[in-house]
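If you want the building blocks of each chain, they are given just below.
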Amino acid sequence: MCILPIVVLYNVDFHETNVYHTLLSHMAGERILIYENSPEPQNKCYESEQIIYYHDSHNGGVSAAYNYGATVARQLEDVNAVLLLDEDTQFESDYLSVLQTACQANPHINLFVPQVLYAEDKPFSPIHRGIHWHRGTMLNEGIYNMKDYLPVNSGACIRLSAFEKVGGYNKDIRLDFADFDFFSRMSALYDTFYRVGSIARQSFSNEETRADILFRRYQFYIEGARIARRNPLIRKMVNIEVMRHTLALTVRTRRFMFINYLIQNY
């Protein structure tokens, strides 16, 4: 099993990222694709025989990055799976070997994901597809139904043939809800995924309290939600997540700009 890791960067040095320190730095000699969405290239200097570098000054987001990575993987011919990564995730150093073992032991499975935690070991992914206040859930290693759970992007390993059959990521959803959309479409074609025996931890910038910064980020969030809700497989999930997030921001900032923007633009 030959896996191509795809890491998405934005205004950060590759060697300063969580994903580099915890995972990619342990992959000496392995091929890695860096997809940089920064306005100006910062990481081209790392390009080598092992590191494939692409700079997207238009910031196509994670969807453009993962689609580009799948195209490169197909051109490499010996690659048969892609590993989706972002800069903020911390992995166990042996995650790639754990993936290899799981993929070889389960040739009928097309999607492999870790248990993802955040904020003092709270479950973040996989996510319940039903209506739950706490969306993340803890799962033991094993096979699960994609009608019940969806994973997030980072850490997901997808067989290339399945990625292509699903049709890749929706290029119009640059960031938020890109994973909901892709994996819901994947669930229409494939019933199951494998939760591998590994833990990842996701970092977030939840300490931000400035309403103006949060509002700019929220506008980008609503852009993704408007497009994602066109997918009937996740329309209800998207609407619930938007309401949950909007109320949380309103409580945090004590400002009604988020609710007003939601009413006018969603």
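See the structure printed just above.
Now for a quick tour of the structure. (Residues numbered from 1 in each chain as written. Predicted model: local features only at pLDDT ≥ 70, side-chain atom pairs only at ≥ 80, totals over all residues. Heavy atoms only, no water.)

## Description of the overall build of the protein
Scanning the protein from terminus to terminus reveals eight helices and 12 strands. The C-alpha radius of gyration computed for the protein amounts to 18 Å, which stays within 12% of the reference 18 Å derived for 266 residues, consistent with globular compactness. Each principal axis of the C-alpha distribution contributes one length, and for the protein these read about 50 × 40 × 35 Å. Partitioning the intrachain contacts of the protein with sequence separation of at least 6 by distance along the chain shows that 73% fall at a separation of at least 24. When the accessible surface of the protein is split by element, carbon and sulfur atoms take 50% of a total near 12,700 Å². Side chains of the protein give 26 positive and 30 negative charges; the mean places of these two sets differ by 11 Å. (Helix = DSSP H or I, 4+ residues; strand = E, 2+ residues; numbered from the N terminus. Rg over C-alpha atoms; globule rule 2.2 N^0.38 Å. Contact = heavy atoms within 4.5 Å. Areas by Shrake-Rupley, 256 points an atom, 1.4 Å probe, with all protein chains shown as cover. Lys, Arg positive; Asp, Glu negative; His and termini not counted. Charge placed at Lys NZ, Arg CZ, Asp CG, Glu CD.)

## Some remarks on the packing of aromatic side chains
A full pass over the atoms with the stated rule returns 22 aromatic pairs. Sitting above the plane of the Y266 ring, R229 keeps its charged end 4.2 Å from the centroid. (Phe/Tyr/Trp six-rings, centres within 6.5 Å; stacked < 30°, edge-to-face > 60°. Lys NZ or Arg CZ within 6 Å of the ring centre and 35° of its normal.)

## Comments concerning the side chain of N37
Its place among the elements puts N37 in the loop between β2 (32-36) and β3 (51-55). Residue class for N37 comes out buried when judged on its relative accessible area of 3%. A polar contact is formed between the side chain of N37 and the backbone nitrogen of G60, at a distance of 3.3 Å. (Buried < 20%, exposed > 50% of the residue type's maximum accessible area, 1.4 Å probe, protein only. Polar contact = N/O pair within 3.5 Å; in protein donor to acceptor, adjacent residues only side chain to side chain.)

## Quick notes on the pattern of salt bridges
In this structure the tally under the stated criterion is 11 salt bridges. Where R217 meets D176, a salt bridge forms, and the shortest distance between an N and an O atom there is 2.8 Å. Taken as a pair, R217 in helix α6 (residues 211-228) and D176 in the loop between α4 (160-166) and α5 (178-187) lie far apart in primary sequence, 41 residues in all. Taking relative accessible area as the criterion, D176 reaches 14% and is therefore assigned buried. Linking R244 and E241 is a salt bridge whose minimum nitrogen-to-oxygen distance equals 2.8 Å. (Salt bridge = Lys/Arg side-chain N within 4 Å of Asp/Glu carboxyl O.)

## Brief notes about the packing of α6 against helix α7 (residues 235-253)
Packing of α6 against α7 leaves a shortest axis separation of 11 Å and a crossing angle of 170 degrees. Judged by the inter-axis angle, α6 sits roughly antiparallel to α7. The residues of α7 that touch α6, namely those facing A211, L214, Y218, Y221, I222, A225 and A228, are V238, E241, V242, H245, T246, L249, R252 and T253. When grouped by side-chain class, the residues that make up the contact of α6 with α7 number 10 nonpolar, three polar and two charged. (Axes fitted to C-alpha atoms, helices over the stretch in contact; angles between N-to-C directions. Parallel < 35°, antiparallel > 145°, perpendicular 65-115°, else oblique. Nonpolar A, V, L, I, M, F, W, Y, C, P; charged D, E, K, R; others polar.)

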